[in-house]
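# Notes for the structure review
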Amino acid sequence: MSWRLAYLLLLLVRFYFTISPSYIHPDEHFQGPEVLAGDIFGWNVTKTWEFTTDNPIRSILPLWLAYGFPMTILRWMYGMSVNPILAYYCLRMFFFLISFSLEDWALQELGSTPKVRAHYLLVVASSYVTWTYQTHTFSNSVETIILAWTLVLIRRISFRNFGHTRHFWSCCLLGCLVAIGVFNRITFPAFLILPVWYLVPQFIRFPSSIIFIVLSGIGTSLVAIYIDTRYYGSPAPVLTPLNNFMYNFQSENLAKHGLHPRYTHILVNLPLLLGPYVLLVRPQLSIAFLSAVSGTIVLSLFQHQEARFLLPAIPLFLASTSIPKFAVSTPSRKWILISVFGVFNAILAAIFGIYHQGGVVPAQTLYVGPHASSIADVVWWKTYSPPDWLLGEHKVGFIHRGGVRDAANVSALVATDKQPGIRVWDMMGSHPDVISTLLKALVSSALQRPDNDYGDVLLVAPVAAKGLYKFLDDGSFPFYLKLEWMYARHVNLDDIGIDYDEVMYNRRRLRHDDVNGDNDSNKNDYYCGGDDDDDHDALELGMWDIAKLMISQNRPGLGVWKVSSRDFS
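Residues numbered from 1 in each chain as written. Predicted model: local features only at pLDDT ≥ 70, side-chain atom pairs only at ≥ 80, totals over all residues. Heavy atoms only, no water.

## Focus: the overall build of the chain
Of regular secondary structure, the chain possesses 24 helices and six strands. The 569 residues of the chain split such that 54% are buried. Within the chain, contacts between residues separated by at least 24 positions form 80% of all contacts whose residues are at least 6 apart in sequence. If you sum the accessible surface of the chain, you get close to 26,400 Å²; carbon and sulfur atoms cover 62% of it. (Helix = DSSP H or I, 4+ residues; strand = E, 2+ residues; numbered from the N terminus. Buried < 20%, exposed > 50% of the residue type's maximum accessible area, 1.4 Å probe, protein only. Contact = heavy atoms within 4.5 Å. Areas by Shrake-Rupley, 256 points an atom, 1.4 Å probe, with all protein chains shown as cover.)

Here's what the structure looks like:
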């Protein structure tokens, strides 16, 4: 098979994951599309603290270039009545297009020979990171493309004479890209610390070239500052990169988002993102490798370390790989190599590109949105925050985000003045007792509305959510759940494990059925011997029993249940 045919097949794989509605991290919605959708279409959206604080830390210019441009085209074509799911897939397709065009084009520019370029394209195109992360609407995905072309321009400038017209425009474009990269993510300069040394000989020979770079960078920065100042309505200039740096420089602020050991990027995140490729990376003095190394080292100095922060370095590390000759010396070894890399990428792509929180977007766009006129409250439990922009023009009256630790606080939340529109309850990983109290309060609140003007109360949760069994099987609750809709390809990795309380519950239920002569109960329920009157006996489960429990209690799927009172229905 020729490398061109292999690349085309891998491009089709990338397209498949582009149209798969997985949900890797909330920032892919709330740090971009959520904000611009409200400004462009006038939808009800949630602007996170980064945009609402007195010192905003996110610049609007990169957001308009990445998200505002395709959304504006949609508004020009369809007016203000754009279907949210159309806007969602339009953005995903836009990121797919710039991924295989701009990113892959930059990789070819960085290659020195046709053989090296083909290697760059194939190894990057075969990575699950390219299929999934890079086609999602992350600012890190945008940073990846900006960095790739910044390195291309550095390479062009370092090998061209100063008098060349393209050299002049390369210098100006380099300054613009660096400025946009900094305003997009404050960590962008970390990837340029070592590559910038490629320009030193050129600056020594032609000092005037640095003037074009600096002036174009300053000009672009002034434009970004002007746009940010107007957008945030501040009387003083808004310097979002400076605000971002000052915020992240304080360890107490980073602690709010989670602190990690400084070796997390190198020992955990890089192996997770590169997989077996990490064994093939060869240290070298190429501009790609130096950029990846400098970025990884600098980012490792900060204790908040998420895998997506390393996205710009992944294609650069992949471009620095070299396959040993002995690994492809025979057809069998070649197929073993392909199988190892293929299985790794297939598994990780299935997790992050299909199943990871895969039901949130379909539930919001295919069920909640179309039924919004008959819905009063939607309770999201043990899922990522639902993107409000996907509800489109439907009115959202009240939004609560964050888990509630004390069930006593639920009544005060429900008593919040009812605003027109849907009330959204993003309960995250709240305790089942809190969810039970909330659902009871919401159903009671619906009953008390005059003229029977009440809407449905919905619970959206994974079908295997720990604690959900209580609501489904226990008739003592004042409400019951009726499954209205389900999406099968959904997994919540934050809730993986065995719920031994559910095992004990099934144990007691089985005994109750046996006492009442019901022999049709599930004989696969797990319990052990001991005093039947003691519910706290230790569970003596074998490895096979534990394996079956892991499968049954962590089955994929996201359900939408209608919550109804047992007093009316």
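## Here's the deal with a nonpolar patch on the surface
A surface patch of nonpolar side chains, about 680 Å² in accessible area, is lined by Phe69, Ile73, Trp76, Met77, Tyr78 and Leu86. Ranked by residues supplied to the nonpolar patch, first place goes to helix α5 (residues 60-78) with five residues. Along the chain, tryptophan 76 falls in helix α5. Tryptophan 76 gets classed as exposed once you look at its relative accessible area, which sits at 72%. (Patch = residues over 30% accessible without salt bridge, like charges linked within 9 Å, V, L, I, M, F, W, Y side chains within 5 Å. Salt bridge = Lys/Arg side-chain N within 4 Å of Asp/Glu carboxyl O.)

## Quick notes on the packing of aromatic side chains
Tallied over the full model, the rule gives 24 aromatic pairs. Measuring from ring centre to ring centre gives 4.8 Å for phenylalanine 168 and phenylalanine 212, while their planes differ by 85°; the resulting arrangement is edge-to-face. You can see phenylalanine 168 sitting in helix α10 (residues 165-184) and its partner phenylalanine 212 sitting in helix α12 (residues 208-232), a full 44 residues away along the chain. Residue classification places phenylalanine 168 among the partly exposed positions, given a relative accessible area of 31%. Taken together, the ring pairs in this structure connect Tyr128, Tyr133, Phe138, Phe344 and Phe352 into an aromatic cluster. (Phe/Tyr/Trp six-rings, centres within 6.5 Å; stacked < 30°, edge-to-face > 60°.)

## Thoughts on the sheet that holds strand β6 (residues 558-565)
The mixed open sheet is built from six strands, whose spatial order is β2-β3-β1-β4-β6-β5. Whereas interior strands pair on both sides, the edge strands pair on one side only; in this sheet they are β2 (396-401) and β5 (479-487). Sheet twist, expressed as the average angle between the axes of neighbouring strands with direction ignored, equals 20°. Both strand β1 (residues 375-380) and strand β3 (residues 422-426) contribute to a ladder of four bridges, which runs parallel. Looking across to β3, one finds that valine 378 is bridged to valine 424. (Pairing = 2+ DSSP bridges. Axes fitted to C-alpha atoms, helices over the stretch in contact; angles between N-to-C directions.)

## Topic: the side chain of glutamate 143
Note that glutamate 143 resides in helix α9 (residues 139-158). With a relative accessible area of 0%, glutamate 143 lands in the buried category. Setting aside its immediate chain neighbours within four residues, glutamate 143 contacts Asn184, Arg185, Thr187, Phe188, Phe191 and Pro312.

## Some words on α12
When the terminal C-alpha atoms of α12 are compared, their 36 Å separation across 25 residues agrees well with the 36 Å that a helix rising 1.5 Å per residue should span. Along α12, the residues that are buried comprise Ser209, Ile213, Ser216, Gly217, Thr220, Ser221, Ala224, Ile225, Asp228, Thr229 and Tyr232. Where α12 ends, the next residue or the one after it, glycine 233, has phi of about 60°, a positive value. (Expected span 1.5 Å × (residues − 1).)

## Digging into the confidence of the model for the chain
Across the chain, the average pLDDT comes to 86, with 87% of residues at 70 or higher. Helix α23 (residues 500-515) is the least confidently modelled element of the chain, averaging 62 in pLDDT, while helix α8 (residues 128-131) averages 97, the highest of any element. Per-residue pLDDT stays below 50 along residues 519-537; that stretch engages in 37 contacts with residues further than four places along the chain or on separate chains. (pLDDT = per-residue confidence, 0-100.)

## A few points about the nonpolar core
The biggest cluster of nonpolar side chains holds 95 residues, and the ones touching the most others in it are Phe41, Met71, Tyr128, Tyr133, Leu273, Phe317 and Trp389. The element best represented in this core is α9, accounting for 11 residues. Not counting the four nearest positions on each side in its chain, tryptophan 389 is found in contact with His29, Pro33, Glu34, Ala37, Trp43, Asn44, Val45, Met71, Pro84, Ala87, Tyr88 and Leu91. Counting 26 residues, the second-largest nonpolar core is a separate cluster that includes Trp425, Leu438, Ala465 and Leu481. (Core = buried A, V, L, I, M, F, W, Y, C linked by side-chain atoms within 4.5 Å.)

## Digging into the environment of arginine 401
Checked against the element boundaries, arginine 401 lands in strand β2. Excluding residues within four positions of it along the chain, arginine 401 makes contact with Phe30, Thr46, Ser385, Pro386, Asp388, Asp426 and Met428.

## Observations concerning unusual backbone geometry
With phi around 60°, lysine 382 is a residue other than glycine that occupies positive phi space. By the secondary structure assignment, lysine 382 is in the loop between β1 and β2. Unlike most non-glycine residues, methionine 428 shows phi in positive territory, near 50°. Mapping methionine 428 onto the fold places it in the loop between β3 and α21 (432-447).

## A word on the environment of arginine 308
Along the polypeptide, arginine 308 turns up in the loop between α16 (287-300) and α17 (314-318). When its relative accessible area of 6% is taken as the criterion, arginine 308 is described as buried. Residues arginine 308 and glutamine 134, 174 residues apart in the sequence, show an inter-C-alpha distance of 9.7 Å. One polar contact links arginine 308 to aspartate 27, side chain to side chain, over a distance of 2.5 Å. (Polar contact = N/O pair within 3.5 Å; in protein donor to acceptor, adjacent residues only side chain to side chain.)

## Re the side chain of histidine 25
The topology assignment puts histidine 25 in the loop between α1 (3-18) and α2 (27-30). Here the side chain of histidine 25 touches aspartate 27 through a polar contact of 3.0 Å, landing on its backbone nitrogen.

## A word on the environment of histidine 431
By the secondary structure assignment, histidine 431 is in the loop between β3 and α21. Using a relative accessible area of 45% as the deciding quantity, one classes histidine 431 as partly exposed. Sequence separation of histidine 431 and tryptophan 381 is 50 residues, and the distance between their C-alpha atoms is 9.6 Å. Within the local environment of histidine 431, its side chain forms a polar contact with the backbone nitrogen of aspartate 433, the two atoms lying 3.0 Å apart.

## Notes on the pattern of salt bridges
Scanning the entire structure with this criterion turns up nine salt bridges. As a salt-bridge pair, aspartate 27 and arginine 308 come within 2.5 Å of each other at their nearest N and O atoms. Linking aspartate 27 in helix α2 with arginine 308 in the loop between α16 and α17, this pair joins segments that are 281 residues apart in sequence. Accessibility assignment for this pair places aspartate 27 and arginine 308 in one class, buried. A salt bridge links glutamate 109 to arginine 156; the nearest nitrogen and oxygen atoms lie 3.3 Å apart.

## With respect to helix α18 (residues 331-355)
Here α18 spans 34 Å end to end across 25 residues, near enough to the 36 Å set by a 1.5 Å rise per residue. Alanine 349 marks the point of greatest bend in α18, at about 30°. Within the span of α18, buried status applies to Leu337, Phe341, Phe344, Asn345, Leu348, Ala349, Phe352, Gly353 and Ile354. Packing partners of the buried residues in α18 comprise α1, α8 and α15 (264-274). One or two residues past the end of α18 sits glutamine 357, with phi positive at roughly 50°. (Bend = angle between axes of the 7 residues up to and from the residue.)

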